[in-house]
Amino acid sequence: MENPNNELRKQISIFIPLSDWKAIRLEAAQQKIPMTELCRRWMKNDMQRLRGKERT
């Protein structure tokens, strides 16, 4: 789990259709990673872009 500079962490939650949740669960199981990690990986590029905006 990445946590650069021991920055405080906050949790987010979203509501998605059950069918999407099941698809994410299946994909995570196939990759043998937690659903949370799969979502983090999917968000990584966008988060880097947002962090770049934060600095400007």
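Just so it is clear, the model here is predicted, and its values are computed rather than measured.

Caption draft 1: The overall build of the protein chain, seen in detail. Of the regular secondary structure elements, the protein chain holds 2 helices and 0 strands. When the accessible surface of the protein chain is split by element, carbon and sulfur atoms take 54% of a total near 5,700 Å².

Caption draft 2: Fine view of helix α1 (residues 18–31). Here α1 is 14 residues long and its end C-alpha atoms lie 20 Å apart, about the 20 Å a rise of 1.5 Å per residue gives. Phi turns positive one or two residues past the end of α1, at K32, with a value near 60°.

Caption draft 3: Region of the structure containing the pattern of salt bridges. Under the definition given, this model contains 3 salt bridges. Between R40 and E37 there is a salt bridge, with its nearest N and O atoms 3.1 Å apart. Of the two residues, R40 and E37 are both situated in helix α2 (residues 35–55); the distance of 3 residues between them amounts to about one turn of the helix. Exposure remark for R40: the relative accessible area of 33% places this residue in the partly exposed category. Residues R49 and D46 are paired through a salt bridge, measuring 3.9 Å at the closest nitrogen-oxygen approach. Note that R49 and D46 are positioned in helix α2 at a spacing of 3 residues, about one turn of the helix.

Caption draft 4: Structural detail: unusual backbone geometry. Its identity is not glycine, yet K32 carries a phi of approximately 60°, on the positive side. The residue K32 is located in the loop between α1 and α2 in this model. Judged by its relative accessible area of 76%, K32 falls in the exposed class.

Thresholds, definitions, all that
Residues numbered from 1 in each chain as written. Predicted model: local features only at pLDDT ≥ 70, side-chain atom pairs only at ≥ 80, totals over all residues. Heavy atoms only, no water. Helix = DSSP H or I, 4+ residues; strand = E, 2+ residues; numbered from the N terminus. Areas by Shrake-Rupley, 256 points an atom, 1.4 Å probe, with all protein chains shown as cover. Expected span 1.5 Å × (residues − 1). Salt bridge = Lys/Arg side-chain N within 4 Å of Asp/Glu carboxyl O. Buried < 20%, exposed > 50% of the residue type's maximum accessible area, 1.4 Å probe, protein only.

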